[in-house]
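An overview of the molecular structure
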Amino acid sequence: CFAPFLCLRPPQIRVKPDRTGVVTDGVKHSMNPFCEIAVEEAVKLKEKKLVKEVVAVSCGPQQVQETIRTALAMGADRGIHVEVSGKDYETLGPLQVSKIFAALAKKEQADLIILGKQAIDDDCNQTGQMTAALLDWPQGTFASEVTLEADKLKVVREIDGGLETIKIKLPAVVTADLRLNTPRYATLPNIMKAKKKKIVNVKPADLGVDVSSRLEVLKVDEPPQRQSGVKVETVHDLVEKLKEAGRI
Amino acid sequence: MIGAYDLKFRGEYNRHAQAWMDSVPCQVIGSLAMLSTEVSVLLLTYLTLEKYICIVYPFRYLTPGRRRTVTILVVIWILGFVIAFLPLVCKGVFRNFYGTNGVCFPLHSEQPETLGAQIYSIVIFLGLNLVAFLIIVLSYGSMFYNIQRTGTQTTKYTNHIKKELTIAKRFFSIVITDSLCWIPIFILKILSLMEVEIPARRCVGALKAVQAEHVAPQVCSTRSSSSTLSRITTHYSVYPRDKDPRWEGVEMERFADEADVVIVGGGPAGLSAAIRLKQLANQHEKELRVCVVEKASQIGAHTLSGACLEPTALSELIPDWKERGAPLNTPVTEDKFSILTEKYRIPVPILPGLPMNNHGNYLVRLGHFVRWLGEQAEELGVELYPGYAASEVLFHEDGSVKGIATNDVGIAKDGSPKDVFERGMELHAKVTLFGEGCHGHLAKQLYKQFNLRGNCEPQTYAIGLKELWVIDEKKWCPGRTEHSVGWPLNRNTYGGSFLYHLNEGEPLVALGFVVGLDYTNPYLSPFREFQRWKHHPSIMSTLEGGNRIAYGARALNEGGFQSIPKLTFPGGMLIGCSPGFMNVPKIKGTHTAMKSGMLAAESAFSKITDENLQSETAGLYIPEYEEAFKKSWIWKELYSVRNIRPSFHNYFGLYGGMVYTGIFYWILRGKEPWTLKHNGLDADQLKPAKDCTPIEYPKPDGKISFDLLSSVALSGTNHEHDQPPHLTLKDDSVPVAQNLAIYDGPEQRFCPAGVYEYVPLETGDGMRLQINAQNCVHCKTCDIKDPSQNINWVVPEGSGGPAYNGM
């Protein structure tokens, strides 16, 4: 079993002066909440003795090792850090990450890849689907319940207006939705133990993956400032104001 | 008996409340109180009736038979016993009839436990006692009418009636007392029946009944509690979990680990101590396990300071800091000090030798500096655990400190365990260093436990608020420091501002405002003073066209030399701003904090590694630290400036203080033979709101000045929402009854993060306190300044709190 995840940037964000992205220097990187759920699900499967090993994977600069450490403290057995830094990290998108995951899945001979359904920084919601496509594996996205039945996987999916239950063959890709589980805490004793677990460092080139991006960010803008409102006394005043503003 | 238990539980009653109310003594006290109350009520009624008959129908029943009296008395006592002990006998119907409030009096003004208990309580208090009360009042009224009438007519039996009259008078005083005692109870009872919220949790009913004749003492101290108010505080430090049925069967065993030294707090002091310890260990080729726990999610994320750093201690600790890339990027090149009036700026020359002189110092983002210190520590083999807060001090059986326990996680807002609940971890050590920063919550316990503040003055504090701005490049002069005093504060409010031009790759300035927490006007808002100050022409010109990128606040120590507590105790030491080594006129404490950590490390190292050491206590006691501290330059430095801060306590305030500093510091270098005193606790300084003028603050313009909530958002602060508020109240009723009633809710204004809010009750009458604990930036101001000292700041779930990036 295989639980890759992305790193998350915190809410206190500021657009870079050249408007190519947001400032990330010195801000804390923590695990994406959906990826935490994915890790928890993988660890649960291991605790039920349904899988042999849980490998936590993350792509990014040196700091993501801390995040992998958290996954190890939650119960993953070992970590793989795919080092992507500098310019490559800035343009790292779902397609590049999927290529890395697909290559790693083949190399590690993984039977199941569990990912978060989307990262909460760019909200792309593509990596799981792309990884399944690149591997030509079945996929169970937006999972709110996962049951392993021999070589099949029953996945309850959250869809518009209800739930859909599907059965897919292993190996497969699953993306975790919010209600799949409540992730456990990485406790201090487990963090201490996690320090002894192994994290292997690999480069995309070692996996034969080209991480150059075909997308160009034109600009990133801060959301417009909300204008302060006014209080009106009567309905008449309200109508007047709306007329003034040309809304009615 | 209640008095005795009150003495026992004083100051920590809430912790024992549930246990006490369930205990046998409480039941016994309750039933005894009930017995004496009911017997005295019945006796009073009987005596009253007898006198009444005697006076109104004097001829018919002149001398009641002895036997009849005895019978009636016996009946009354039996009735009293039955009423009082029935609830104890029939536990099934009444459950915990007596233990519904702290004084064990079964008034049941709150939600009753069972219907039976409720009915019983109503029958007694509104049935029996109200009837008795009415009988007494009516009888006396009638007696008086009769006495007045007969007194003018009759000559016969005059003597007898006279005698009766004196007794009647004496009894009349009883009736007055009786009504004073009972009317509030009847009103409370009726109100609670009508489900009206009773505002004061403790009815100040310490009315002692007058002991008359042979009537049993009638105690009617109705410390009735009304829990119709929902609990504000749900934290286990106030409501212990071992008596809580929701916690039954939850595994509370903790994993424990052993280190040589455990350090609480990864700030300048803690990390300097850790680095020094490992340096010494490596130098002497010794094995030494040093663990640092830090409540912030990463090292430096809770650090906030100006900051203008004096590199003395750093050069002693890491002489090659430049080569190691310490983020000291901005040497001070220009020093400005001024007094502000509303429109003008009066420059004050900074003479060499004045503490405000900053030549040779560096302007830094202290959070980044601390993060760098953390990297140095890790490189030396220190174990850093950010995101894990020390929530408890652990003790050996001999009373010495054993170590600390980290906080539990996974507790819901109502105080119950969640499915993901995990117990904290115990870290044991030979010696534990407490470097929690200003007003640490563990240090607060240690002061009491070891009486560390017995020989020093109370600590005094200030609150510092800070913002980071990216300004117009043309106005940016890296290395310039500006300090001011005066406007917008009046001359008797201690405080001032700083504005530093940082050289960090972009046109960045750090600016902030400090207000002494000994201010007296409850209407003062440090946050809004800060916002107002930015509109001063000399400041606004720098900020115009700029962008605010960060905000934060933190309390700081101002007590200095006079307020330094005892620093060592068996098993532990206090370092850094926790005991408080801030040089106030210099507005610097990082160098002294670092040095104190280093001194503690040096003193501890020789003891820990001494193989022949015979320690008297299980936790090492290291008085050598205190001795080394007294010989160090921190001591000299703090001694020489000791009188500057208290010299501002004079009629002329700021100006008197400046004159004093000019004469005694600049000329005598603090060698004057006297030491001035501070004014006492900051919490005691507020005046009642009615004696103060509200301060009109201008509305924020959204360009230079901002509202509170958009500011708090820039601190990046966040806490898991579903956890008990970590701002705990010793008593939930005090905020409305005291802070709001007398001081107009000052916590709404001194909190720089909008944690405290008084909002109207849902029922529409009165107010309640709302605690938005997730906004807290861990500045500790509320714990310091709360006039009723009812707020206790404890650590939230680890990694909660602000996410400062180099503040």
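What counts, and where the lines are drawn
- Residues numbered from 1 in each chain as written.
- Chains lettered and ligands numbered in written order.
- Predicted model: local features only at pLDDT ≥ 70, side-chain atom pairs only at ≥ 80, totals over all residues.
- Heavy atoms only, no water.
- Helix = DSSP H or I, 4+ residues; strand = E, 2+ residues; numbered from the N terminus.
- Buried < 20%, exposed > 50% of the residue type's maximum accessible area, 1.4 Å probe, protein only.
- Pairing = 2+ DSSP bridges.
- Contact = heavy atoms within 4.5 Å.
- Buried area = accessible area lost by both parts, 1.4 Å probe.
- Salt bridge = Lys/Arg side-chain N within 4 Å of Asp/Glu carboxyl O.
- Polar contact = N/O pair within 3.5 Å; in protein donor to acceptor, adjacent residues only side chain to side chain.
- Nonpolar A, V, L, I, M, F, W, Y, C, P; charged D, E, K, R; others polar.
- Phe/Tyr/Trp six-rings, centres within 6.5 Å; stacked < 30°, edge-to-face > 60°.
- Lys NZ or Arg CZ within 6 Å of the ring centre and 35° of its normal.
- UniProt positions renumbered as here; feature names shortened; annotations may be inferred.
- Right-handed = clockwise from strand over helix to strand, strands pointing away.
- Core = buried A, V, L, I, M, F, W, Y, C linked by side-chain atoms within 4.5 Å.
- Axes fitted to C-alpha atoms, helices over the stretch in contact; angles between N-to-C directions.
- pLDDT = per-residue confidence, 0-100.
- Parallel < 35°, antiparallel > 145°, perpendicular 65-115°, else oblique.
- Left-handed = near helix turned anticlockwise from the far one by under 90°.
- Disulfide = S-S within 2.5 Å.
- Expected span 1.5 Å × (residues − 1).
- Lys, Arg positive; Asp, Glu negative; His and termini not counted.
- Patch = residues over 30% accessible without salt bridge, like charges linked within 9 Å, V, L, I, M, F, W, Y side chains within 5 Å.
- Areas by Shrake-Rupley, 256 points an atom, 1.4 Å probe, with all protein chains shown as cover.
- Charge placed at Lys NZ, Arg CZ, Asp CG, Glu CD.

Time to look at the overall build of chain B. Counting secondary structure elements, chain B contains 21 helices and 24 strands. Within chain B, the proportion of its 807 residues that are buried is 58%.

Consecutive side chains along a regular strand alternate between the two faces of the sheet. Residues and elements named next belong to chain A. In terms of burial, strand β10 (residues 172-176) is a largely internal element, 5 of the 5 residues being buried. Where burial is concerned, the two faces of β10 agree: the one with A172, V174 and A176 and the one with V173 and T175 are both buried. In this structure, strand β6 (residues 112-116) lies alongside β10, joined through 5 bridges in parallel fashion. Looking at the pairing, L112 lines up with A172 of β10. Note that strand β7 (residues 139-149) and β10 share 3 bridges and pair parallel. Following the sheet pairing, Q139 is matched in β10 by V173.

Note: interface size is frequently given as the accessible area lost on complex formation between the parts. On the side of chain B, 26 residues touch chain A, which itself brings 17 residues to the contact. Both sides of the chain A and chain B interface together cover about 1900 Å² of buried area, and 60% of this is carbon and sulfur. Across the contact surface, chain A and chain B share 0 salt bridges. Our count for the contact surface shared by chain A and chain B stands at 3 residue pairs in polar contact (both at pLDDT 80 or more). For the side of chain A that touches chain B, the class distribution of residues is 8 nonpolar, 4 polar and 5 charged.

This part is about the environment of G374 of chain B. Residue and element names in this part refer to chain B. Summarising the element assignment, G374 is placed in helix α10 (residues 366-379). Taking the C-alpha atoms as reference points, G374 and F97, 277 residues apart in sequence, are found 57 Å from one another. In this view, G374 contacts L271, I299 and L384; residues no more than four positions away in its chain are not counted.

Glancing now at the packing of aromatic side chains. All names here are of chain B. With the rule as written, the count across this model stands at 16 aromatic pairs over all chains. An angle of 65° between the planes, with centres 4.8 Å apart, marks the rings of F561 and W635 as edge-to-face. Of this pair, F561 sits in the loop between β18 (547-557) and β19 (568-569) while W635 sits in helix α16 (residues 633-640), and the two are 74 residues apart along the sequence. An aromatic cluster is built from F561, F581, F629, W635 and Y639, whose rings are joined through pairwise contacts. The residue whose ring lies beneath R642 is Y639, and the NZ or CZ to ring-centre distance is 3.9 Å. One Lys or Arg, R645, reaches over the ring of Y494 and ends 3.8 Å from the middle of that ring.

This brings us to the UniProt feature "transmembrane region" (unreviewed entry) in chain B. Residues and elements named next belong to chain B. The feature "transmembrane region" (unreviewed entry), as annotated in UniProt, sits at residues 28-49, 70-89, 119-140, 171-194 and 648-668 in this numbering. Structurally, residues 28-49 is divided into 100% helix and 0% strand, and its ends, taken at the C-alpha atoms, are 31 Å apart. Here residues 70-89 is 100% helix and 0% strand, with 27 Å between the C-alpha atoms at its ends.

Moving on, we come to the pairing of strand β1 (residues 255-264) of chain B. Residues and elements named next belong to chain B. Two elements, β1 and strand β13 (residues 425-434), share 9 bridges in a ladder whose sense is parallel. Among the inter-strand pairings, V261 is bridged to a residue of β13, identified as V431. Across 4 bridges, the pairing between β1 and strand β2 (residues 290-294) is parallel. Looking across to β2, one finds that V261 is bridged to V290. In this fold, the crossover linking β1 to β2 by way of helix α8 (residues 268-283) has right-handed handedness.

Glancing now at the nonpolar core. Counting residues in each nonpolar core, the largest one holds 69 residues, and the members touching the most others are L511, L543, L727, V755, Y756 and I771 of chain B. Judged by nonpolar contacts, the second largest core, of 58 residues, contains M31, F34 and M192 of chain A together with V393 of chain B.

Another aspect to go through is the sheet that holds strand β17 (residues 507-516) of chain B. Neighbouring strands of a sheet are bound in pairs by backbone hydrogen bonds; such pairs are parallel or else antiparallel. Residue and element names in this part refer to chain B. Pairing in this open sheet of 7 strands is mixed, and the strands run β6-β5-β15-β16-β17-β14-β18 from one edge to the other. With partners counted over all chains shown, the strands left at the sheet margins are β6 (345-348) and β18, one partner each. Adjacent strand axes in the sheet meet at a mean angle of 20° when their direction is disregarded. Two strands pair when backbone bridges link them, and strand β5 (residues 334-340) and β6 are joined in this way by 4 bridges, in the antiparallel orientation. Bridging across to β6, I339 finds its partner in I346.

Before going further, it helps to spend a moment on the sheet that holds strand β7 (residues 362-363) of chain B. Residue and element names in this part refer to chain B. What the 3 strands build is an open sheet, ordered β3-β7-β4; its pairing is antiparallel. The strands lining the two open edges of the sheet, one partner per strand, are β3 (308-309) and β4 (330-331). Pairing of β4 with β7 involves 2 bridges; the strand directions are antiparallel. Paired with P331 across the two strands is Y362, which belongs to β7.

So, about the confidence of the model for chain A. Mean pLDDT over chain A: 88, with 94% of residues reaching 70 or higher. Low pLDDT, under 50, characterises residues 6-11 of chain A; the predicted model gives this stretch 27 contacts beyond four residues in sequence or across chains.

Here we come to the packing of helix α3 (residues 24-56) of chain B against helix α4 (residues 66-89) of chain B. All names here are of chain B. Relative to each other, α3 and α4 sit at 150°, their axes nearing to 8 Å. By the angle between their axes, α3 is roughly antiparallel relative to α4. Seen from above, α3 lies across α4 with right-handed handedness. Contacts between α3 and α4 pair Q27, S31, M34, L35, E38, V39, L42, L43 and Y46 from the former with T69, I72, L73, I76, W77, L79, G80, F81, I83, A84, F85 and L88 from the latter. Residues that form the contact of α3 with α4 fall into these classes: 16 nonpolar, 4 polar and 1 charged.

Here we come to the state of the cysteines. Residue and element names in this part refer to chain B. In total, this model carries 0 disulfides over all chains according to the counting rule given. Considering cysteine sulfurs only, C776 is the nearest to C782, which forms no disulfide, with 6.3 Å between them. Overall, the relative accessible area of 8% leaves C782 in the buried class.

Here we come to α3 of chain B. For α3 of chain B, with 33 residues, the first-to-last C-alpha span of 47 Å sits near the 48 Å given by 1.5 Å per residue. The buried fraction of α3 of chain B amounts to 24 of the 33 residues, a majority that puts the element mostly inside the structure.

All names here are of chain B. Among the structural elements, R453 can be located in the loop between α11 (441-449) and β14 (461-470). Put simply, R453 is tucked away with no salt bridge, and the nearest opposite charge, on E457, sits 8.8 Å away. Setting aside anything within four residues of it in sequence, one finds R453 in contact with Y447, P458, Q459, S563 and P565.

Below, the discussion takes up the confidence of the model for chain B. Residues and elements named next belong to chain B. On average, residues of chain B score 84 in pLDDT, and 86% of them are at 70 or above. Throughout residues 197-228 the model reports pLDDT below 50, and contacts reaching past four residues in sequence, or to other chains, amount to 62 contacts. We note a pTM of 0.75 for the whole complex and an ipTM of 0.82 for its interfaces.

Moving on, we get to a negative patch on the surface. Residue and element names in this part refer to chain A. The grouping of E233, D237, E240 and E244 at the surface amounts to a negative patch. Secondary-structure assignment places D237 in helix α7 (residues 235-244). For D237, a relative accessible area of 30% translates into the label partly exposed.

Residues and elements named next belong to chain B. Mapped onto the secondary structure, N792 falls in strand β24 (residues 791-793). Look at N792 and you get partly exposed, because its relative accessible area is 22%. In this structure, the C-alpha to C-alpha distance between N792 and G571, residues 221 residues apart in sequence, is 25 Å. In contact with N792, other than residues within four places in its own chain, are K444, H726, L727, T728 and D783.

Residue and element names in this part refer to chain B. For α10, with 14 residues, the first-to-last C-alpha span of 20 Å sits near the 20 Å given by 1.5 Å per residue. Among the 14 residues that make up α10, 10 are buried, leaving the element largely enclosed by the rest of the structure. The set of residues buried in α10 consists of L366, G367, H368, F369, V370, W372, L373, G374, Q376 and A377. Buried positions along α10 lie against α8, β3, α9 (312-317), β8 (383-386) and α14 (590-608). Just beyond α10, the residue with positive phi is G381, at close to 100°.

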